[in-house]
Amino acid sequence: MIKLTQPQPQVYLETYGCQMNVADTETVTAVLRRAGYSSATRPEDADVILLNTCAIREHAEERVIGRLSDLARLKRERPALKLGLLGCMAQHNRETLLAKAPWLDLVAGPDAYRRLPELLGHDGFDPAVDVRLDRGETYADLSPEYMAGVRAYVTAMRGCDRFCTFCVVPYVRGRERSVPPGAIMREVHALAARGVKEIVLLGQTVNAYRHDATDFGALLRQVARVAGVERIRFTSPHPCDMTDSVIDAMAAEPKVQPYLHLPVQSGSDRVLHAMARGYTVTHYLDLVGRLRRTIPALALSTDIIVGFHGEEESDFAATIALMRAVGYDSAFSFKYSVREHTRAHRLGDSVSEEEKGRRLAEVIALQEMISLEHNRALIGSEFPVLVEGPARRGAGRLAGKTPQFKTAVFPDTAAIKPGNIVNVRVESATGHSLAGVIV
Ligand code: 5AD
Ligand code: SF4
């Protein structure tokens, strides 16, 4: 057992980046809880502050560096405070981080969380650093401390083997590995018993899931058999791993919701090739056609990168054309950010910041228009909405999600509780949400 200076030291965790990081923070919380730590709700009260970080774009890293300098002030006031950096940025910047933030006590990559109690127990002058990647680590035996409300995120696979040329994930999260189905099912059963209604299976390329004979389609079917689980989603699938097995399971299992986040990145074959995405525009559009034929209610969202190295005006025009052709329900769009260690790093960064900004604004404006059009077309329709809680804006209203993962808001009535599924008739729409009444 590690000797701690206080009986119940308090740890404050802050999470940046994607859902995988949110899920990892839940694992970290479980590891530390077992080692005798309790949770602080404010950094001011904490004995240990940990930032679980993202390295996907430079901007994400800059935010964390800014936050670290704020927190350094707390550490000057209370030198016993331990400050640590976890996650993708810890892994990515392992060589330069301590020069940028010499006051850090701890640097731990995504495969080092099991060892956090020892790392925190380390009382030397030097910071404790553990950035070993471990192709076997799935944390399968560790039950996360879910912060779940009606929805919980369950890690199905970790890492990525795709090596898209722009992306740092394979370098910071390491090789692809799937959590044994037994461990996933144990978590799902426990969550269902706690009243969680919706399970979101997570992985960097989640539909590449495979453990012995269980592929992702089979996993979806297993989760669908759990009583109490009403809805199943997953994120993020890779277009190349969208097998018949997965599509058939989505079509056959009513609990698997008709919504897919299917990152396309670009609408130009030349750029897709330079990105090593593994598909052409034709492949992608064929897949979308097949999905829509098999799952007619399907809503689609995507990720788009503008200004990748070598992206000409004509390539960008092809992205705009693809967006119009697919008609996504929503899109997350990003300016290309060169990442060290990636294959595209040495290619360069041919598109100026201003031009990236212009292209991004065009993508965003187009998507706003398409989303608004789609949502307005839903006025008059009814959807089963899984109630989450009070709407962010507008007192006296509740909010939840439709099967297509659109936010729906409707008047609160005392009888309705989070976790209920209610039928909502849409009366008005914006590009971002639907408003209606319970029917
Ligand atoms: N620059 C900009 N966007 C990126 N993404 C991944 N790497 C980069 C990068 N270097 C985007 C992709 C991916 C999403 C999670 O982040 O669109 O799908
Ligand atoms: Fe990054 Fe490509 Fe892997 Fe997605 S599939 S995490 S974009 S390397």
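Structure first, text after, so check above.
What this report covers is the structure whose coordinates are included nearby. Note that the structure is predicted; figures quoted are calculated from it, not measured. (Residues numbered from 1 in each chain as written. Chains lettered and ligands numbered in written order. Predicted model: local features only at pLDDT ≥ 70, side-chain atom pairs only at ≥ 80, totals over all residues. Heavy atoms only, no water.)

Taken N-terminus to C-terminus, the directions of helix H8 (residues 216-224) and helix H9 (residues 244-252) make an angle of 20°; their axes are 7 Å apart at the nearest point. Taken together, the axes of H8 and H9 lie roughly parallel to each other. Along its contact with H8, which presents Phe216, Gly217, Ala218, Leu220 and Arg221, the element H9 presents Ser245, Val246, Asp248, Ala249, Met250 and Ala252. Considered class by class, the residues forming the contact of H8 with H9 number seven nonpolar, two polar and two charged. (Axes fitted to C-alpha atoms, helices over the stretch in contact; angles between N-to-C directions. Helix = DSSP H or I, 4+ residues; strand = E, 2+ residues; numbered from the N terminus. Parallel < 35°, antiparallel > 145°, perpendicular 65-115°, else oblique. Contact = heavy atoms within 4.5 Å. Nonpolar A, V, L, I, M, F, W, Y, C, P; charged D, E, K, R; others polar.)

This next bit is on unusual backbone geometry. Residue Ser236 follows Thr235 across a cis peptide bond; omega there is -10°. Among the secondary structure elements, Ser236 is positioned in the loop between strand S13 (231-235) and H9. The phi torsion at Tyr139 lies on the positive side, around 55°, for a residue other than glycine. Of note, Tyr139 is situated in the loop between strand S6 (128-130) and strand S7 (151-155). Of note, the phi angle at Gln265 is positive, near 75°, even though the residue is not glycine. When you line up the elements, Gln265 lands in the loop between strand S14 (259-261) and helix H10 (269-275).

Core analysis: the largest hydrophobic core is formed by 60 residues, its most contacted members being Leu201, Leu220, Phe234 and Met242. By residue number, the principal contributor to this core is helix H7 (residues 181-193), which donates six residues. Ala46, Ile49, Leu104 and Val107 belong to the second largest nonpolar core, which has 20 residues in total. (Core = buried A, V, L, I, M, F, W, Y, C linked by side-chain atoms within 4.5 Å. Buried < 20%, exposed > 50% of the residue type's maximum accessible area, 1.4 Å probe, protein only.)

The sheet built from three strands is open, its strands ordered S14-S15-S16 with parallel pairing. Among the strands making up the open sheet, the edge pair consists of S14 and strand S16 (330-335). Between one strand axis and the next, the sheet turns by 10° as a mean value, whatever way the strands run. Where strand S15 (residues 299-306) meets S16, six bridges bridge the pair, whose relative direction is parallel. The partner of Thr302 across the bridge, within S16, is Ala331. Along the sheet, helix H13 (residues 353-376) makes contact with S15 and S16, crossing S16 at roughly 175°. (Pairing = 2+ DSSP bridges.)

To continue, consider the site of ligand 1. In the vicinity of ligand 1, the residues found are Ile56, Arg57, Phe166, Gln265, Asp303, Ile305, Phe334, Lys335, Tyr336, Ser337 and Arg339. Phe166 places a main-chain nitrogen or oxygen 3.0 Å from a nitrogen atom of ligand 1. The contact in question runs from an oxygen atom of ligand 1 to an N or O atom on the side chain of Asp303, over 2.7 Å. In the complex, the protein chains occlude 86% of the 410 Å² of accessible area that ligand 1 would expose alone. Of all the secondary-structure elements, those providing two or more residues to the shell around ligand 1 are S15 and S16. The class makeup of the residues in the shell around ligand 1 is five nonpolar, two polar and four charged. (Near = heavy atom within 4 Å. Polar contact = N/O pair within 3.5 Å; in protein donor to acceptor, adjacent residues only side chain to side chain. Areas by Shrake-Rupley, 256 points an atom, 1.4 Å probe, with all protein chains shown as cover.)

On to the sheet that holds S7, then. The strand order S7-S10-S13 describes an open sheet built from three strands, whose pairing is parallel. The outermost strands of the open sheet, each flanked by one partner alone, are S7 and S13. Shown here is a sheet whose adjacent strand axes are inclined to one another by a mean of 25°, direction ignored. With five bridges joining them, S7 and strand S10 (residues 198-202) adopt parallel strand pairing.

Okay, the pairing of S15 next. Of all the eight residues making up S15, eight are buried; the element is thus mostly covered by neighbouring parts of the structure. Judged by which residues are buried, S15 turns out to be covered on both faces: Ala299, Ser301, Asp303 and Ile305 on one side and Leu300, Thr302, Ile304 and Val306 on the other are all buried. Sheet topology places S14 next to S15; three bridges connect them, and they run parallel. Residue pairing across strands places Tyr259 opposite Ala299, the latter belonging to S15. For the crossover that starts at S15, traverses helix H12 (residues 313-326) and ends in the parallel S16, the hand is right-handed. (Right-handed = clockwise from strand over helix to strand, strands pointing away.)

Within the fold, Asn21 resides in helix H1 (residues 19-34). For Asn21, a relative accessible area of 1% puts it in the buried group. At 2.8 Å, the side chain of Asn21 and the backbone oxygen of Tyr16 are in polar contact. Discounting chain neighbours no more than four positions away, the residues touching Asn21 are Thr15, Tyr16, Asn52, Thr53, Cys54 and Arg173.

Interpretation note: all reported values are geometric properties and have no functional meaning in isolation.
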